[in-house]
Amino acid sequence: QVQLVESGGGLVQPGGSLRLSCVVSGRIISASTMGWYRQAPGKQRELVATIGTGGTTTYANSVKGRFTASRDKVKNTVYLQMNSLKPEDTAVYYCNLQNPYMANAYWGQGTQVTVSS
C-alpha cells in the first residue's frame, strides 16, 4: 500500500513563502508522475504542478514563475516551493502519485495553506 504524507502548510502573509513536502512510502517516485493539486472552498480540485518520470516539471499558468516543484529520490520526497503567495493561493494542497504499473492513483491527506494578512 502506497502512502503519501504531506506537510508544510500554514498561515502566511501575502508575498510570503512556504515549502510543502510529500513523503512517499517506497522507492517509486522515479518511476511515477508526481502531482501537486489544490482545492479551494467551493471550487473543484485543480492541478498545480507535475514532475514527470524524467524530472520534467509543468505548472498551471496561475502559479508559473512563483512555484517550483522538485523531488529528492533518496528521501522519497517531492516538494512544492511556493513564493510570492497570493490570497487566491489559499487552498488545501494535495500530493498525487500515478504509476503505470499500479491500477490506482494515490493521494495524500492534504495540507492547508492560508494566505492572509
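Quantities reported herein were computed from a predicted structural model and do not represent experimental measurements.

**Student:** Would you explain the side chain of S32 in this entry?
**Tutor:** Mapped onto the fold, S32 is located in the loop between β3 (18-24) and β4 (33-39). At 2.6 Å, the side chain of S32 and the backbone oxygen of I28 are in polar contact. Looking at S32, its side chain comes within polar contact range of the side chain of N99, at 2.9 Å. Leaving out residues up to four positions away in the same chain, S32 has contacts with I51, G52, T53, L97, Q98 and N99.

**Student:** When you look at the environment of L97 in this model, what are you seeing that I'm missing?
**Tutor:** Relative to the assigned elements, L97 resides in strand β9 (residues 91-98). Sequence-wise, L97 and V24 are 73 residues apart; in three dimensions their C-alpha atoms are separated by 8.7 Å. With residues near it in sequence (within four places) discarded, L97 still touches V2, L4, V24, I28, S32, T33, M34, M102, A105 and Y106.

**Student:** In this structure, what is going on with the state of the cysteines? I would like to understand it.
**Tutor:** A disulfide bridge is the covalent bond that connects two cysteines by way of their sulfur atoms. Counted according to the given criterion, the structure contains one disulfide. One disulfide in the model links C22 with C95; its S-S distance is 2.2 Å. On the S-S bond that ties C22 to C95, the torsion sits near -85 degrees, and the link is left-handed. Note that C22 is positioned in strand β3 and C95 in strand β9, a separation of 73 residues in sequence. When its relative accessible area of 0% is taken as the criterion, C95 is described as buried.

**Student:** What is the right way to look at the packing of aromatic side chains in this model?
**Tutor:** Aromatic ring pairs: the centre-centre distance and the angle between the two ring planes describe each pair. The final tally for this structure, using the stated rule, is two aromatic pairs. Ring geometry for Y94 versus W107: centroids 6.4 Å apart, planes at 85 degrees, classification edge-to-face. With a gap of 13 residues between them, Y94 in strand β9 and W107 in strand β10 (residues 106-107) connect regions that are remote in the sequence. An aromatic cluster is defined as three or more aromatic residues linked by ring pairs; in this entry it consists of Y37, Y94 and W107. We note R45 situated over the ring of Y94; from NZ or CZ to the ring centre the distance is 3.8 Å.

**Student:** What is the right way to read unusual backbone geometry from this model?
**Tutor:** With phi around 55 degrees, N76 is a residue other than glycine that occupies positive phi space. On the secondary structure map, N76 appears in the loop between β7 (67-72) and β8 (77-82). On the accessibility criterion, N76 (13% relative accessible area) is buried. The residue S84 is not glycine, and still its phi comes out positive at about 50 degrees. By the secondary structure assignment, S84 is in the loop between β8 and β9. For S84, a relative accessible area of 40% gives the class partly exposed.

**Student:** Sorry, what's going on with the pattern of salt bridges here?
**Tutor:** Opposite charge on two side chains permits pairing when their charged atoms draw close. Applying the stated criterion to the full structure yields three salt bridges. Residue R38 pairs with E46 through a salt bridge whose shortest N-O separation is 2.6 Å. A relative accessible area of 5% places R38 in the buried class. Looking at E46, the relative accessible area reads 35%, which means it is partly exposed. For D89, the salt bridge goes to R66, with nearest N and O atoms at 2.8 Å. A residue pair is termed long-range when its members are at least 10 positions apart, and D89 in the loop between β8 and β9 and R66 in the loop between β6 (57-59) and β7 qualify at 23 residues. You can call D89 buried: its relative accessible area is 1%. According to the relative accessible area criterion, R66 is buried, its value standing at 11%.

Reading the values: the criteria
- Residues numbered from 1 in each chain as written.
- Predicted model: local features only at pLDDT ≥ 70, side-chain atom pairs only at ≥ 80, totals over all residues.
- Heavy atoms only, no water.
- Helix = DSSP H or I, 4+ residues; strand = E, 2+ residues; numbered from the N terminus.
- Polar contact = N/O pair within 3.5 Å; in protein donor to acceptor, adjacent residues only side chain to side chain.
- Contact = heavy atoms within 4.5 Å.
- Disulfide = S-S within 2.5 Å.
- Buried < 20%, exposed > 50% of the residue type's maximum accessible area, 1.4 Å probe, protein only.
- Phe/Tyr/Trp six-rings, centres within 6.5 Å; stacked < 30°, edge-to-face > 60°.
- Lys NZ or Arg CZ within 6 Å of the ring centre and 35° of its normal.
- Salt bridge = Lys/Arg side-chain N within 4 Å of Asp/Glu carboxyl O.

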